[in-house]
Number of protein chains: 2
Amino acid sequence: MTSDSFVLKGNICWSTSQTEVACEEGVCAVCVGGTCAGVWDAADLPDAYAGLPVVDCGDALVIPGMNDIHVHAPQYAFRGIGMDRELIEWLNTYTFPEEARYRDLTYAERAYSIFADDLRRSPTCRAVVFGTIHVPATRLLMDKLEATGLVSYVGKVNMDRNAPLSLVETSGASAAATRRWLDDVAGRYERTRPILTPRFTPSVTDGLMKDLGWIREEFDVPVQSHLSENLSEVAWVRELCPWASCYGAAYDRFGLLGPHTVMAHCVYSSDEEMGLLRRTGTYVAHCPQSNAQLASGIAPVRRYLDEGLSVGLGTDVAGGASLSMWRAMSDAVAASKLRWRFVDQELAPLTWQEALWLATVGGGSFFGFVGKFEEGYDFDALVVDDSALRAPRELSVPERLERCVHLGSEGARLVRKFVAGREIDLA
Amino acid sequence: MTSDSFVLKGNICWSTSQTEVACEEGVCAVCVGGTCAGVWDAADLPDAYAGLPVVDCGDALVIPGMNDIHVHAPQYAFRGIGMDRELIEWLNTYTFPEEARYRDLTYAERAYSIFADDLRRSPTCRAVVFGTIHVPATRLLMDKLEATGLVSYVGKVNMDRNAPLSLVETSGASAAATRRWLDDVAGRYERTRPILTPRFTPSVTDGLMKDLGWIREEFDVPVQSHLSENLSEVAWVRELCPWASCYGAAYDRFGLLGPHTVMAHCVYSSDEEMGLLRRTGTYVAHCPQSNAQLASGIAPVRRYLDEGLSVGLGTDVAGGASLSMWRAMSDAVAASKLRWRFVDQELAPLTWQEALWLATVGGGSFFGFVGKFEEGYDFDALVVDDSALRAPRELSVPERLERCVHLGSEGARLVRKFVAGREIDLA
């Protein structure tokens, strides 16, 4: 497709609410100038769209693009390796030494090419991405992601304490580099935006956090960080910021929470912290695979949803091994069942429909009107061939979609992918 | 390969103990008449093997075949669908209606062709398989599995209570059909053996269980069933068999435990039951994905290993959605970390090496000398191309293998597969 106005004809499926998925067979989803105009039966297609090119998706499933709202690009290099520690030890043993390599642009070129290629071919249409402290490598990552056609927020990481020498900045230099980076990338990309990225409270002094709060206001940029992932981390923050009534308050004090902020994990958020996240409209990135593999725990996603927090899914590569949002959905459902079993039977497990909602609408709303085939939404779409997931009897479209949620990472083939109406090259 | 004597040259990796994996690069694993003769450096290859054909596996990983010691063939039809109930409701809502279809041989032919095809192309070399109560369909399943070249135990299920009319047998008819089936299949297959399959205590009266104990002795066949999977199930067995001091005793009383028995799950085994499993040498099939998706819980595998029980892995399709033993390994590691977090910090999480051991040697030993590249072991081997799991720097062979344990189901390509020296067609 070279035009950004067209019709996708097929089995169009999307979340009409947090709990309901519409599955309309053989209908037409209309994209006009990159935006969805709506879904119609072929016979009812308004005249205005009758002349648009039609992409016939046959019996494939057509679903909204997925949105990975927490992923570390430099950690993709060691995904699936070194999954034998808890958070702080894991950072010191595997993550920081890997991230230090990105000072070398040759290495970054090799690594980020692989990351961008694999993300492009994955079901992810939009992503919120950590880089490293290195501005040149982060610029390179932004170039690579821009070239994929995906939409992303990318962050140069800030760290001015508790990091190895190879990866620590002075507070002033960190703030200054961030300002220069923001100046430099302003207006440079169509689909790639900078995002402020204090790694997490243990890595960032109050002084730098305060500077970042000013930068946020000055440049009007969104923010991403980590929050209440691991018990030792939470205890450490209590020592580092004795003035903060909860971990979240250590960000809020500097104006770093809000509807344009993503906080990853929130496994151990207190009632107070949940209230803070709700009041500020801060997004929670739920990362079930990472939270299992780093033995962190399981976030109470049901409670966050019930209380009206904004929640999406993250793969959190390389705390999570898999870049697949199919796998993130499957893991989110499984983890919620184990949490129900072990922690709190008041909180019902997530359904597959809710997992799909989280992966599409939940995280998508961080980017605007994203995640549905409804009028005014950006036209992000995946055409999914699930024919390798064979069955001896005919399955309904909802059954096929449910199966993809659980088995898509190993059995579904992505045949076409559109982001805001632009087709992504899957080769 | 048409010969069953040959040399595989490549990166040969296998578990030398429960915790240690040998990874020898560019060496030769020798297969003579289907049995492993050992592993040598090319330069040290004994003269006796110098004339054997050499399969050069290049840079691929060569690992032992995997053994799925608990899988339900008829449930493969609805894998990944209907994962929203606990065990008993799930059986009544989804499983029993599906299994009732296998009275129809046309349906069974379609369904079991898909199951056998997909198992053949998977990393599984040997499997312990549930059928349904239907003898003709179970015979058909045995034919299909025999044709794959894999080694399997296959069971006609026994159920004489608490099942829908379409799926329940009278006690006498169940025992008689089992005898006829065992007579009929005796000596009929090279690689496929019958296994006694009382579904689980709630489905089988004491009277039929007693008959099965006799049949077991008379025919000298192994046994598979379910044990202590779910809290309601355990409570129900307490009501059904008030005479049994633990659930396991309800099998043991009829002579159904022992070194040729696999009991699936054992999530809630009491100390007494663990003692019984150990004393009898009964195998535990650990099925982490199923235990999460049916909200059953997490089995204390570390404890079983520490106490010297025999343990292997099962996919338990369709309690588990995925037939992939890669996924079973990854889930076993993740589940053990969550159990450590939520239940018992005395029990260390499983390592990837231990997951590999469970998938190869742990379950393999149920079939004899299976699961290692050591002298006298059956030569089961997988040649795994992991080149799609790209990295920006050279990874060691152990790192590549660890990554496959976590990401094999979505990123590793099986290029050759051998079972007892016989090459399996992967087309």
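Summary of the structure given here. Being a predicted model, the structure only gives us computed values, none of them experimental. Sequence positions are assigned chain by chain, starting from 1 and proceeding in written order. The order in which chains are written sets their letters, starting at A; the order in which ligands are written sets their numbers, starting at 1. Per-residue local features of the predicted model are confined to residues with pLDDT of at least 70, and side-chain atom pairs are confined, for both listing and counting, to 80 or more; whole-chain, interface and lining totals are unaffected and use all residues. The side-chain quantities take in all heavy atoms of the structure and omit both hydrogens and water.

So, about the interface of chain B and chain A. Only heavy atoms enter the contact rule, under which two residues are in contact if any of them lie within 4.5 Å. With 56 residues of chain B at the interface, the matching set in chain A holds 56 residues. Summing both partners gives a buried area of about 4,700 Å² for chain B against chain A, and 51% of it is carried by carbon and sulfur. Ionic pairing is found between aspartate 118 of chain B and arginine 390 of chain A, a salt bridge with its closest N-O pair at 3.4 Å. Within 3.5 Å is the distance limit for a polar contact, defined as a pair of N or O atoms, with the added protein rule that one can donate a hydrogen and the other accept it, and that residues adjacent in sequence qualify only through two side-chain atoms. Along the contact surface separating chain B from chain A lie 32 residue pairs in polar contact (both at pLDDT 80 or more). By the criteria applied, helices consist of DSSP H or I runs no shorter than four residues and strands consist of E runs no shorter than two, each listed in order from the N terminus. Taken together, the elements giving at least two residues each to the side of chain B that touches chain A come down to helix H2 (105-120), helix H9 (288-293), helix H11 (325-342) and helix H13 (397-411) of chain B. Counting residues per element, the side of chain B that touches chain A draws most heavily on H11 of chain B, which supplies 10 residues. The residue inventory of the side of chain B that touches chain A, partitioned by class, reads 27 nonpolar, 11 polar and 18 charged. The term buried area refers to how much accessible surface (probe radius 1.4 Å) is lost by two components on association, counted for both of them together. Every case where a carboxyl oxygen of Asp or Glu lies within 4 Å of a side-chain nitrogen of Lys or Arg is listed as a salt bridge. Polar here means any residue outside two lists: the nonpolar Ala, Val, Leu, Ile, Met, Phe, Trp, Tyr, Cys and Pro, and the charged Asp, Glu, Lys and Arg; Gly therefore counts as polar.

What follows covers helix H5 (residues 206-219) of chain B. All names here are of chain B. By this rule the span expected of a helix is its residue count minus one, scaled by 1.5 Å. For H5, spanning 14 residues, the distance from its first C-alpha to its last is 20 Å, which sits close to the expected 20 Å at 1.5 Å a residue. Buried means the residue's accessible area, taken with a 1.4 Å probe over protein chains only, is under 20% of the maximum for its type, while exposed means over 50%, and partly exposed covers the values in between. Of all the residues in H5, the buried ones are Leu208, Met209, Leu212, Gly213, Ile215 and Arg216. End-on view of H5: buried residues confined to an arc of 165°, all on one side of the axis. Across from the buried face of H5, at angles greater than 90 degrees, the exposed residues are Trp214, Glu217 and Glu218. For H5, the elements touching its buried residues are strand S8 (157-158), helix H4 (171-185), strand S10 (197-198), strand S11 (223-227), helix H7 (249-252) and strand S12 (261-265). An arc is given here, and it is the one of the directions from the helix axis to the C-beta atoms.

With that settled, consider the pairing of strand S7 (residues 151-155) of chain A. Two faces belong to every sheet, and in a regular strand the side chains alternate between them. Residues and elements named next belong to chain A. With five of five residues buried, S7 is to be regarded as a mostly interior element. Across the two faces of S7 the burial is the same, with Val151, Tyr153 and Gly155 and Ser152 and Val154 all buried. At least two bridges found by DSSP between two strands are what make those strands a pair. When strand S6 (residues 124-130) meets S7, the two strands line up parallel, connected through five bridges. Note that in S7 the partner of valine 129 across the bridge is valine 154. Since S6 and S7 lie parallel, the crossover through helix H3 (residues 135-148) that links them has a hand, and here it is right-handed. Looking down the strands as they point away from the viewer, one classifies a crossover as right-handed if the path from the first strand across the helix to the second runs clockwise.

Before going further, it helps to spend a moment on the environment of arginine 85 of chain A. Residue and element names in this part refer to chain A. Counting through the fold element by element, arginine 85 comes out in the loop between strand S5 (66-72) and helix H1 (87-100). Through-space distance from the C-alpha of arginine 85 to that of valine 157 is 22 Å; in sequence the pair is 72 residues apart. The residues contacting arginine 85, other than those within four sequence positions of it, are Trp90, Thr93, Tyr94, Gln293 and Leu294. At 3.3 Å, the side chain of arginine 85 and the side chain of glutamate 89 are in polar contact. A distance of 3.5 Å separates the side chain of arginine 85 from the side chain of threonine 93, its partner in a polar contact.

Next up on the list: the side chain of serine 203 of chain A. Take serine 203 of chain A: it is sitting in the loop between strand S10 (197-198) and helix H5 (206-219). The class for serine 203 of chain A is buried, based on a relative accessible area of 1%.

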